[in-house]
Amino acid sequence: MKIAQIGPLYESVPPKLYGGTERVVSYLTDELVQQGHEVILFASGDSVTRARLVPVSRRALRLEGPHVVDPIAHHVRMLEMVYRQLHDFDLVHFHIDYLHFPLATRYPVPALTTLHGRLDIPDLIPLFHEFPNVNVVSISNAQRKPLSWANWRGTVYHGLPIGLYRFQEKPGSYLAFLGRISPEKRVDRAIEIARRTGIELKIAAKVDAVDCKYFETKIRPLLDDPLIEFIGEIGEAEKNEFLGNALAVLFPIDWPEPFGLVMIEAMACGTPTIAYRNGSVPEVLEDKKTGFIVDNLQDAVNAVNRIPLLSRRTCREVFERRFSASRMACDYLAIYQALLEDGIGFHAEKLGLLERH
């Protein structure tokens, strides 16, 4: 199958540091190539892939700093580049939200869109009503609830390459928080959990420009506690040690998380997660097996004390069974095949109508 993967340009594929969507695009693309498919990846020029790369920007837009004033302009240009090469593809798979909807619904080849972000935004309702036939995939069943009537072709959970993270059989002595500093990620809850349990917390997180004020006013004053170590943003190579050597990962979110990649990254290392019951958490985490799902601060504190009851080997086994990149690719291939079969039926129907007239 000839498949075009259309990635965001804000980060490289895979990203040098933070960037969940770009990592998933990378893992999916490379696994599809591994399984024998011809894949063309539209992404930034500094991307590294086993597919054929079509570089749209010189490098990730975030790294260009003030030189990039309007990132949408680069994405619109990418859509034109994709359109000019449509004859080369059997199917086009988008990972750039909804910018392409007016074009993709008019393509002569099937188009699929994975929605990677939150969907509980009122502005999206009239948009999806305007494009009722656009083929979309959710990354959790919880994610799709605000737009339950959209043209969902399936739910595909994220997956990671089996060899990306090493299994660490012996737990470390600290709690870990990995991701982004923002109000909805609730690192302040993680800090309070560490204080109440008396266990060290290491925070590996980026601070986006939009969250700088929140970080300086709400979070930085909490970092003076000797139990708290703020590491900052880390890359893929550092995650193995950071996650694998943790006693547990804290995921105290306060928003409808569409997936939560950090939960399966921790699982791959054998490290359980303590997560608040929001969004996809009950789908990804198996309560009392790969972690604990909690509803409040006291539940979280109690869960930390129960971490020794969990098997780190079981965490790894569940990861291999449910969240591998090969499983993710197979799920997408099944959807690709269904779309291609739909397309054959659609074109045959059109041809029959033409012949009758």
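The coordinates are above.
Residues numbered from 1 in each chain as written. Predicted model: local features only at pLDDT ≥ 70, side-chain atom pairs only at ≥ 80, totals over all residues. Heavy atoms only, no water.

Participant: Looking at this structure, how should I read the pairing of strand β5 (residues 111-114)?
Facilitator: Of the two faces of β5, both are covered, the one formed by Ala111 and Thr113 as well as the one formed by Leu112 and Thr114. Pairing of strand β4 (residues 91-94) with β5, which is carried by 3 bridges, proceeds in the parallel orientation. When the bridges of β5 are listed, Phe94 appears paired with Thr113. Where β5 lies against strand β6 (residues 136-138), 2 bridges are found, and the strand directions are parallel. Bridged to Thr114 within β6 is Val137. One crossover worth recording links β5 to the parallel β6 by way of helix α4 (residues 124-130), and it is right-handed. (Buried < 20%, exposed > 50% of the residue type's maximum accessible area, 1.4 Å probe, protein only. Helix = DSSP H or I, 4+ residues; strand = E, 2+ residues; numbered from the N terminus. Pairing = 2+ DSSP bridges. Right-handed = clockwise from strand over helix to strand, strands pointing away.)

Participant: Explain the sheet that holds strand β7 (residues 152-155) to me, please; I cannot follow it from the model alone.
Facilitator: Adjacent strands of a sheet pair through backbone hydrogen bonds, lying either parallel or antiparallel. In space, the 7 strands of this open sheet follow the order β3-β2-β1-β4-β5-β6-β7, with parallel pairing throughout. Both outer strands of the open sheet, β3 (52-55) and β7, are each paired with one neighbouring strand and no more. Each neighbouring strand pair of the sheet contributes to a mean axis angle of 20°, computed without reference to strand direction. Relative to β3, strand β2 (residues 38-43) is paired through 4 bridges, and the arrangement is parallel. For Ile40, the partnering residue across the bridge sits in β3 and is Arg52. Across the sheet, helix α1 (residues 20-34) touches β1 (2-6), β2 and β4, and the angle it forms with β2 is around 155°. Sheet contacts for helix α2 (residues 71-84): β1, β2, β3 and β4; angle to β2, the most-contacted strand, approximately 155°. (Axes fitted to C-alpha atoms, helices over the stretch in contact; angles between N-to-C directions. Contact = heavy atoms within 4.5 Å.)

Participant: Looking at this structure, how should I read the sheet that holds strand β8 (residues 174-180)?
Facilitator: Taken in spatial order, the 6 strands line up as β10-β9-β8-β11-β12-β13 in an open sheet, and their pairing is parallel. Either end of the sheet is taken by a strand with one partner, and the two such strands are β10 (228-230) and β13 (291-294). With strand direction ignored, the average angle separating the axes of adjacent strands in the sheet is 20°. In this sheet, β13 lies alongside strand β12 (residues 273-276) in parallel orientation, the contact comprising 4 bridges. When the sheet's bridge partners are listed, Tyr276 is paired in β13 with Val294. Sitting on the sheet, helix α8 (residues 261-269) touches β8, β11 (246-251) and β12, and the angle it makes with β11 is about 165°.

Participant: Even after reading the chapter, I still don't get the pattern of salt bridges, so can you show me in this structure?
Facilitator: With the rule as written, the count across this model stands at 29 salt bridges. Between Glu233 and Arg62 there is a salt bridge, and its shortest N-O distance comes to 3.3 Å. Of this pair, Glu233 sits in the loop between β10 and α7 (236-244) while Arg62 sits in the loop between β3 and α2, placing them 171 residues apart in sequence. Here Arg62 falls in the partly exposed class, since its relative accessible area comes to 34%. Lys206 is paired through a salt bridge with Asp208; the nearest N and O atoms lie 2.8 Å apart. Using a relative accessible area of 6% as the deciding quantity, one classes Lys206 as buried. Judged by its relative accessible area of 22%, Asp208 falls in the partly exposed class. Here the residues in one salt-bridge network are Arg186, Asp188, Arg189 and Asp254, joined through shared partners. (Salt bridge = Lys/Arg side-chain N within 4 Å of Asp/Glu carboxyl O.)

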